[in-house]
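For reference, the chains in residue letters:
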Amino acid sequence: MPLATLKFMPGIVKDDTSYSSEGRWIDSDKIRFWNGKAEKIKGWQKLTQNQFSGSCRGLVQWRDNDGNALMAVGTHTHLYILKGGVLYDVTPIISSGNLSNAFSVTNGSPTVTVTSAAHGMVDGNRIILGAASFNGVSWAAGTEFTITFINTNSFSITASGNATSTGSSVGGTVSFQYLLNPGQPDSVFDFGWGVGTWNTARSGGGWNVPANTTGLEIDARTWSFDIFGEDLVASVIGHPLMTWDASAGVGTRATQITDSSTGDSETPNTSRGVIVSTPDRHLVSLGADDPLTVKFASQETTGTWTAAATNTAGSQRLTGGSKIIGARRTRGQILIWTDTSLHSMTFRGPPYTFGFRELATGCGLGGPLAAVEVGGIVYWMGINQFFAFDGTVRPLIGPVNNFVFEDLNPIQVEKVVAGLDKEHSEVFWFYPDSSNNENNRYVKYNYRENVWDVGTMDRTAWTDASTFPNNTGAATNGYLYSHEIGEDADGAAMQSYIESADMDIGDGQEVMFVTRALPDIETSGTVDVTFKTRKDAMSSFTTKGPFPVTASTERINPRLRGRQMSIKAESNSVGTGWRLGFTRVDMQADGER
């Protein structure tokens, strides 16, 4: 019997049965489709040997006026600047002053109790103290401690050594600097008394403000970044906007933009996000003191927020939804999402500065980092659908939608991260599946070939190649990785596979016998090929293989019988890359056994 060529359409189908998806691929991990053929993605390696603290939820890269490549890294506990391969902690100081005889110690213990009225700190907050020495305990100026919350007027820190005597209200005058409070590592949705951390801000209010009767939602901390000139502007929910002065260098911390620093009472006290309007250069606060209000400073300033005839400051409250989720620049406008709708913000000039209009409803953004823009088209992931905007909003209907959204952890949807790989025309969405609180899976859309694939990877933030030559992703182990380098996962083997749907052998009318297969695989290592057959769509599989295929493999002899057959190609060895072509098989009619 003549050889039969096994040809499969590009893309992964997850939302149909295996038999009804004949001629398609139905499962994958760490592959892509390029010119219609499946190939393993490239590998990654550490961008820096420095490890960050906390869960990373924001990355942005740019160059300062001296040409230095910079990257901001925001975690739920820290704000860093990456420069010259080194991470520098630039987390802002939110309050400072002096403590007077505020320390108490117990003989033989390193625990130091600190009295500070209405300190406003939470468990895990960091404090920087001036030099102190008392009762056998001492530390140098500039020492950083992590606090343990006791009550609203006291907390404890741990010294490097034990006290040699007991003492209370000791230590003299010591300076302090409180750093930005840590945020939530995970989103929570619970009910009733005791939900959340005492004395910490939450979305929608604080003490003595009625909560929604259906429950209390606390979002995982995510960072919103943009660049204003050569300086970083940043935002986390529930805090003022922040800025980091690039000209002052990595030895200088970011600062908050508050009414006390600007002298303008209209400066937003809290914000849900930040974006810079270009080319007119307006600093825009999203969710400014109100979850649906957009407020913008006067042109070219970060400190003039009160609208007047002599400036271009102003504000606008959006309608539709309960809160602003995020924003992205695209051609001639800024797109702003609430949890249910999409709005356009367009620069018009005086007297109104910006015009706003609602573009569509029922297309809200899943999380602040769940949208990307490329070539004038914006792609995003909502709560239960993918969307694109190219002048109009349209749903992205794909054969993996049900698979993704039925498995998405809805409580952690704030963590969804969109990533762009321009070189391969791909948009990633990293998300946590139903059994995880952290991003562990991805779904990927190739907008050039209009195909989808799925897989596993733990990336919590992403920035595509620009200032830095490679795409950069943040992992759950505290490292930044440069992608599309080599074939391996930071020196380790990277498992990658693709599996086909069932296909009829012959016409499916009779049992066929496959005697040999002629693989068509370009590989730099070893690819394992496995065949599975069965007699009917609902019967059990018989598996043959895996058969190792290298660049010199001419044929394999699976010797299998059945009416239906599927094929799987897989690699899990160091240095192995591969690309599939058209495998051919030799079949003949055969009786049942």
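Computed from a predicted structure; not experimentally measured.

### Quick word on the overall build of the protein chain
Right, on to step 1. When helices and strands are tallied, the protein chain shows two helices and 55 strands.
Right, on to step 2. Taking the principal axes of the C-alpha coordinates as reference, the protein chain spans close to 95 × 65 × 55 Å.
Right, on to step 3. Relative to its full complement of 593 residues, the protein chain shows a buried share of 53%.
Right, on to step 4. If you take every contact in the protein chain between residues at least 6 apart in sequence, the share linking residues at least 24 apart comes to 61%.
Right, on to step 5. Accessible area for the protein chain stands at about 24600 Å²; split by element, carbon and sulfur atoms hold 46% of it.

### Digging into the pairing of strand β12 (residues 111–115)
Right, on to step 1. Side chains of β12 alternate between two faces, with Val 112 and Val 114 buried and Thr 111, Thr 113 and Thr 115 left unburied.
Right, on to step 2. Alignment of strand β11 (residues 103–105) against β12, held across three bridges, turns out to be antiparallel. Note that in β12 the partner of Phe 103 across the bridge is Val 114.
Right, on to step 3. Between β11 and the antiparallel strand that follows it, β12, lie five residues; Gly 108 among them carries a positive phi value of about 85°.
Right, on to step 4. Sheet analysis places β12 next to strand β18 (residues 154–158), joined by five bridges and oriented antiparallel. Directly across from Thr 113, in β18, lies its bridge partner Ser 156.

### Brief notes about the pattern of salt bridges
Right, on to step 1. Taken as a whole and assessed by the stated rule, the structure comprises 30 salt bridges.
Right, on to step 2. Taking the shortest distance from any N to any O, the salt bridge between Arg 579 and Glu 39 comes out at 3.0 Å. Taken as a pair, Arg 579 in strand β54 (residues 578–580) and Glu 39 in strand β4 (residues 37–40) lie far apart in primary sequence, 540 residues in all.
Right, on to step 3. A network of salt bridges, in which partner residues are shared, links Arg 32, Asp 421, Glu 426, Lys 444, Asp 453 and Glu 484.

### Points about the confidence of the model for the protein chain
Right, on to step 1. On average, the protein chain scores 93 in pLDDT, and the residues at 70 or more come to 94%.
Right, on to step 2. Note that pLDDT drops below 50 for residues 199–217; the model gives that stretch 25 contacts with residues more than four away or on any other chain.

### Comments concerning the sheet that holds strand β20 (residues 173–179)
Right, on to step 1. Reading across from one edge, β10-β20-β13-β16 is the order of the four strands in this open sheet, with antiparallel pairing throughout. With partners counted over all chains shown, the strands left at the sheet margins are β10 (93–100) and β16 (143–146), one partner each. Strand-to-strand twist of the sheet, defined as the mean angle between neighbouring strand axes without regard to direction, takes the value 25°.

### A short note on the nonpolar core
Right, on to step 1. Of all hydrophobic cores here, the largest spans 64 residues; its most connected members are Trp 380, Trp 429 and Ile 498.
Right, on to step 2. Val 105, Phe 134, Val 137 and Ala 159 belong to the second-largest nonpolar core, a separate cluster that totals 23 residues.

### Some remarks on unusual backbone geometry
Glycine aside, residues mostly have negative phi angles, and peptide bonds mostly take the trans form.
Right, on to step 1. Residue Pro 279 follows Thr 278 across a cis peptide bond; omega there is 5°.
Right, on to step 2. Mapping Pro 279 onto the fold places it in the loop between β27 (273–277) and β28 (282–286).
Right, on to step 3. Residue Pro 351 follows Pro 350 across a cis peptide bond; omega there is 5°.
Right, on to step 4. Structurally, Pro 351 is set in the loop between β33 (341–349) and β34 (353–361).
Right, on to step 5. Even without being a glycine, Asn 35 presents a positive backbone phi close to 55°.
Right, on to step 6. Positionally, Asn 35 belongs in the loop between β3 (31–34) and β4.
Right, on to step 7. Judged by its relative accessible area of 49%, Asn 35 falls in the partly exposed class.
Right, on to step 8. Phi at Arg 559 is positive, roughly 50°, even though this residue is not glycine.
Right, on to step 9. Assignment of secondary structure puts Arg 559 in the loop between β51 (542–549) and β52 (560–562).

### Thoughts on the environment of Ala 388
Right, on to step 1. Along the chain, Ala 388 turns up in strand β37 (residues 386–389).
Right, on to step 2. When the C-alpha atoms of Ala 388 and Ile 377 are compared, they prove to be 6.8 Å apart, with eleven residues separating the residues in sequence.
Right, on to step 3. Contacts of Ala 388, omitting those with residues within four sequence positions, involve Ile 377, Val 378, Tyr 379, Trp 380, Val 393, Arg 394 and Leu 396.

### Examining the sheet that holds strand β24 (residues 231–235)
Right, on to step 1. The strand order across the open sheet built from four strands is β23-β24-β25-β26, with neighbouring strands paired in antiparallel fashion. Edge positions in the sheet fall to β23 (224–228) and β26 (255–256), since each has one partner strand and no second.
Right, on to step 2. Bridging between strand β25 (residues 242–244) and β26 involves two bridges; their strand directions are antiparallel. Residue pairing in the sheet places Met 242 in a bridge with Gln 256 of β26.

So, how was this worked out
- Residues numbered from 1 in each chain as written.
- Predicted model: local features only at pLDDT ≥ 70, side-chain atom pairs only at ≥ 80, totals over all residues.
- Heavy atoms only, no water.
- Helix = DSSP H or I, 4+ residues; strand = E, 2+ residues; numbered from the N terminus.
- Buried < 20%, exposed > 50% of the residue type's maximum accessible area, 1.4 Å probe, protein only.
- Contact = heavy atoms within 4.5 Å.
- Areas by Shrake-Rupley, 256 points an atom, 1.4 Å probe, with all protein chains shown as cover.
- Pairing = 2+ DSSP bridges.
- Salt bridge = Lys/Arg side-chain N within 4 Å of Asp/Glu carboxyl O.
- pLDDT = per-residue confidence, 0-100.
- Axes fitted to C-alpha atoms, helices over the stretch in contact; angles between N-to-C directions.
- Core = buried A, V, L, I, M, F, W, Y, C linked by side-chain atoms within 4.5 Å.

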